[in-house]
Number of protein chains: 2
Amino acid sequence: MLSVVDQLAIIRTNVVDLLPEEDLVRKLERSVATGKPLTIKLGLDPSRPDIHIGHGVVLNKLRQFQDLGHKVVLIIGDFTAMIGDPTGKSKTRPALTLEETRENGKTYVDQASVILDRDKTEIRYNSEWLDALSFKEVIALSAKYTVAQLLERDDFTKRYRGGEPISVHEFLYPLSQAYDSVAIQSDIEIGGTDQKFNLLVGREIMRAYGHEPQCILTMPILEGTDGVEKMSKSLGNYIAVTDSPKDMFGKTMSIPDTLITRYLQYACYAPTDEVASLGLALSEGTAHPRNAKVDVAKRIVARYHGQDAADEAFAEFERVFVKKDEPDEIPDWTMTDPSGSMKLIDLLPVAAGLASKSEARRLITQGGVRVNGEQVKDPEATISAADQPVVRAGKLKWFRVIPQ
Amino acid sequence: MLSVVDQLAIIRTNVVDLLPEEDLVRKLERSVATGKPLTIKLGLDPSRPDIHIGHGVVLNKLRQFQDLGHKVVLIIGDFTAMIGDPTGKSKTRPALTLEETRENGKTYVDQASVILDRDKTEIRYNSEWLDALSFKEVIALSAKYTVAQLLERDDFTKRYRGGEPISVHEFLYPLSQAYDSVAIQSDIEIGGTDQKFNLLVGREIMRAYGHEPQCILTMPILEGTDGVEKMSKSLGNYIAVTDSPKDMFGKTMSIPDTLITRYLQYACYAPTDEVASLGLALSEGTAHPRNAKVDVAKRIVARYHGQDAADEAFAEFERVFVKKDEPDEIPDWTMTDPSGSMKLIDLLPVAAGLASKSEARRLITQGGVRVNGEQVKDPEATISAADQPVVRAGKLKWFRVIPQ
């Protein structure tokens, strides 16, 4: 096991909140002294099993804990998922059956295993202990937190002030989630910054039950490919970890330039100084955004599908990208040669107005010529008019070869 | 069964809220048509089994319902009483055992039977259904009411605005009480005006569970003998229905004059016109407050202990009352008669300075003379100096007879 100082340095990376750090130090010291791993908790909603690289921010942090020798416990929140929306107001939250929650949980873990070390990951379903709570125990639990404290949660504050109804049962959910920490006696609970409130409730409730309270650790929320909203499946701005290399690459290439360093940091987990220097280079114009994006996209694909897949995705993207550059109107060039075909090197001077065969050869061998979007580097390649191929010579010269 | 109109006239008496009256009319019509009695619910806290005449206001209303042929269900709130105060902050609310709640419930019913018809009174303990609620069912229940609605309850509003903590479990209590109505499917729930909010929650929750909602009926809160606070055991300003006739009489005599008509109306259940005319007479000075109070006190004692006990209590009070009038310093009068005794009629002219024996006789026979607090109407009564009796002649003349 690494020393406390070395562990802390890794744990701190990319973290937004780490509270209270002195408690974490104490826990780590004890762990190092006894060799007993810490228990790191992550709560999951089992109703949406599509893990995206936004989740990856947190999962990667968990993986760091695993690599440091600690134990990760994923809590699948099947208890509340099986209840659904008891007010019946939200159609987007249908109640799930036990089978569905198990299936979703399994899918989640399968997907998360791309990042997590499956052997150091424990899965628990919170119905295990929440289903067993009697009304009396629920009262005891809810006696440990106040209405005013819960109304301080941002979304509750807004809704209460805005006159939007908050059903009383919604107050029971953060308390249930907090009780999960009591049940598994977590040392640290991790989540996005939007979970900070709930994680702190867990800390308080553990204390109220006489347990050593968990530390809380929040990670940044990654913006979706639109660059505006939090990445989420429902907003359609997400890159799923199960997306094909091609989709993953293409979606990454679609992010606004402002997100490049964010993705480099939180989706590629690049070292801080690399992120900083790219940021500087981009702002000074010494780095080209598209190239930086290609690098980020390649690294994301490589992370989830391997380097070969990343290279292929890049090549594929290049083809598609080029195709997309195709102008709306491409002039026809009629091939009058009676054979109906010509060598590329002979075609270009006459069809694309290149000055000479040697200029054509240079352009072709340098990769500046594409036929139907495919780079063709062989000057002797045969172009058949019957295929009506679209030829691009250099950046701007396009024509379609048609037979006489 | 009486007609709906006749029943309504009785039910309306002394009521503060009767909501909604059109629903009650419908329920009564159905009851009259089918002969099926209505179910009237009263919720009780089993931790304080001393019933006082403040409770009597509500219990008397229940008795009226019973006399109209309806069924009264007393809900003993043993479920929450067995929990006590889970925050541990209130020492005045220790958790009760099952045995204690049963014992308290039994005591309550025994005491309430002074007013209620025991045969038309059903007793239910709400642990019967609340203990059986799973966490899921609690969530379903609490989904049916909002945080904002509960914060509108006066005491919650004040505490929330005043920054005083409200534990989340306190929100579950009115919902539990409301669920009692679902469990017994009450037609009407009755309570003091301070219960109006909770009774209305019951109405809403019944509706949310798809039941016909109960009507709610509130009765005035009787002030305690101090004339300021609500009558309550903990404030010590109460007249228990189990108080002795003497205490009951004395406590009633101690109420401020401003309460006389309130007690006549809500503790003696006097007809409205009698209450109104006494109020008028008192304000015009044509009725003496003390006499009116004596009447009220006699009627209260007679209600709980019978007429004879009321008369005795009055006589006893008169004696004590007179004794209490005794001045701090009573002058001695030395009897020089060698026999050591004198007739009362001979004593008064010399000892109390009355003008003549005939004046003494008139005062004695009119009841204006007391010896040791006891009225003595016999002019020939013998006063012995050895007894050192205290004699009061008229309102102001006091002396103690001592031997030479």
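Nothing here was measured: the structure is a model prediction, and the numbers come from that model.

**Regarding the interface of chain B and chain A**
Contact residues are listed per partner, giving 33 residues for chain B and 33 residues for chain A. Across the chain B to chain A interface the summed buried area is about 2,900 Å²; carbon plus sulfur atoms make up 78%. Sorting the residues of chain B by area buried against chain A places Phe135(B), Lys136(B) and Val168(B) first, and these three jointly supply 26% of that buried surface. Joining chain B to chain A, the criterion identifies two salt bridges. Applying the counting criterion to the chain B and chain A interface returns 10 residue pairs in polar contact (both at pLDDT 80 or more). Secondary-structure elements contributing two or more residues to the side of chain B that touches chain A are α4 (78-83), α7 (135-142), α8 (147-151) and α10 (168-184) of chain B.

**Observations concerning the sheet that holds strand β4 (residues 121-125) of chain B**
Residue and element names in this part refer to chain B. Taken in spatial order, the six strands line up as β1-β6-β5-β2-β3-β4 in an open sheet, and their pairing is mixed. A strand with exactly one partner marks an edge of an open sheet, and here the two such strands are β1 (17-19) and β4. Adjacent strand axes in the sheet meet at a mean angle of 20°, parallel and antiparallel pairs treated alike. By the bridge criterion, two bridges tie strand β2 (residues 39-44) to strand β5 (residues 188-192) in an arrangement that is parallel. By the bridge assignment for β5, Ile40 is matched with Ile188.

**Quick look at the relation of the copies chain B and chain A**
Once chain B has been moved 0.4 Å along the axis and rotated by 180°, it coincides with chain A to within an RMSD of 0.5 Å. In symmetry terms, the pair is related by a two-fold rotation axis. Here 100% of the interface residues in chain B have copies in chain A that are interface residues too; the copies meet face to matching face.

**Section: the sheet that holds strand β10 (residues 374-375) of chain A**
All names here are of chain A. What the five strands build is an open sheet, ordered β7-β13-β12-β9-β10; its pairing is mixed. The sheet is open, and its two edges are formed by β7 (332-335) and β10, each paired on a single side. Strand direction decides the pairing type here: β7 and strand β13 (residues 397-403), joined by four bridges, are parallel. Residue pairing across strands places Trp333 opposite Val401, the latter belonging to β13. The strands touched by helix α17 (residues 344-351) within the sheet are β7, β9 (369-371), β12 (390-393) and β13, with β13 carrying the most contacts at an inclination of about 110°.

**As for the side chain of Asn60(A)**
All names here are of chain A. Within the element layout of this structure, Asn60 appears in helix α3 (residues 53-67). You can call Asn60 buried: its relative accessible area is 13%. For Asn60, the residues in contact, after removing those within four places along its chain, are Ile115, Tyr269 and Arg303.

**Observations regarding the environment of Leu396(B)**
As for its placement among the helices and strands, Leu396(B) is situated in the loop between β12 (390-393) and β13 (397-403). In the structure, Leu396(B) is positioned 70 residues away from Glu326(B) in sequence and 9.5 Å away in space, judged by C-alpha atoms.

**What about helix α17 (residues 344-351) of chain B?**
Residues and elements named next belong to chain B. The buried count for α17 comes to six of eight residues, which makes it a mostly enclosed element. All buried positions along α17 are accounted for by Leu344, Ile345, Leu347, Leu348, Pro349 and Ala351. After α17 finishes, the residue Gly353 shows a positive phi value of roughly 70°.

**Observations concerning the nonpolar core**
Counting 68 residues, the largest nonpolar core has Ile53(A) and Tyr263(A) as its most contacted members. With eight residues, the single largest contributor to this core is helix α15 (residues 289-305) of chain A. A domain-level breakdown of this core finds at least three residues from each of domain 1 (4-219) and domain 2 (245-325) of chain A. One finds Val4(B), Met231(B), Ala292(B) and Phe317(B) within the second-largest nonpolar core, a separate group that totals 67 residues.

**Some details on the packing of α10(B) against helix α11 (residues 196-208) of chain B**
Residue and element names in this part refer to chain B. The contact between α10 and α11 brings their axes to 8 Å, and the two run at 55°. Of the possible angle classes, the one that applies to α10 and α11 is oblique. For the pair α10 and α11, the crossing hand works out as right-handed. Where α10 approaches α11, its residues Pro174, Leu175, Gln177, Ala178, Ser181 and Val182 are matched on the opposing element by Asn198, Leu199, Val201, Gly202, Ile205 and Met206. For the contact of α10 with α11, the residue count by class is eight nonpolar, four polar and no charged.

**Observations regarding the domain arrangement of chain A**
We note that the domain assignment places domain 1 (4-219), domain 2 (245-325) and domain 3 (332-403) within chain A. Computed over C-alpha atoms only, the centres of domain 1 of chain A and domain 3 of chain A are separated by 61 Å.

**Focus: the pattern of salt bridges**
Per the stated rule, a full pass over the model turns up 58 salt bridges over all chains. When the shortest N-O distance is used, the salt bridge between Asp78(A) and Arg102(A) registers 2.9 Å. Of the two residues, Asp78(A) is situated in helix α4 (residues 78-83) and Arg102(A) in helix α5 (residues 98-112); the sequence distance between them amounts to 24 residues. Relative accessible area serves as the criterion here: at 0%, Asp78(A) is assigned to the buried category. Take Arg102(A): its relative accessible area is 29%, and that puts it in the partly exposed class. Put simply, Lys27(B) and Glu212(B) hold a salt bridge, and the shortest N to O gap is 2.8 Å. Taken together, the residues span a long stretch of sequence, with Lys27(B) in helix α2 (residues 21-34) and Glu212(B) in the loop between α11 and β6 (215-219) at a distance of 185 residues. Lys27(B) sits in the buried class, given a relative accessible area of 2%. Overall, Glu212(B) belongs to the partly exposed group, its relative accessible area being 40%. Within this structure, Lys27(A), Arg30(A), Asp187(A) and Glu212(A) form a network of salt bridges that share partners.

Criteria and cut-off values
- Residues numbered from 1 in each chain as written.
- Chains lettered and ligands numbered in written order.
- Predicted model: local features only at pLDDT ≥ 70, side-chain atom pairs only at ≥ 80, totals over all residues.
- Heavy atoms only, no water.
- Contact = heavy atoms within 4.5 Å.
- Buried area = accessible area lost by both parts, 1.4 Å probe.
- Salt bridge = Lys/Arg side-chain N within 4 Å of Asp/Glu carboxyl O.
- Polar contact = N/O pair within 3.5 Å; in protein donor to acceptor, adjacent residues only side chain to side chain.
- Helix = DSSP H or I, 4+ residues; strand = E, 2+ residues; numbered from the N terminus.
- Pairing = 2+ DSSP bridges.
- Axes fitted to C-alpha atoms, helices over the stretch in contact; angles between N-to-C directions.
- Least-squares fit on C-alpha atoms with pLDDT ≥ 70 in both.
- Buried < 20%, exposed > 50% of the residue type's maximum accessible area, 1.4 Å probe, protein only.
- Core = buried A, V, L, I, M, F, W, Y, C linked by side-chain atoms within 4.5 Å.
- Domains from an automatic or database assignment.
- Parallel < 35°, antiparallel > 145°, perpendicular 65-115°, else oblique.
- Left-handed = near helix turned anticlockwise from the far one by under 90°.
- Nonpolar A, V, L, I, M, F, W, Y, C, P; charged D, E, K, R; others polar.

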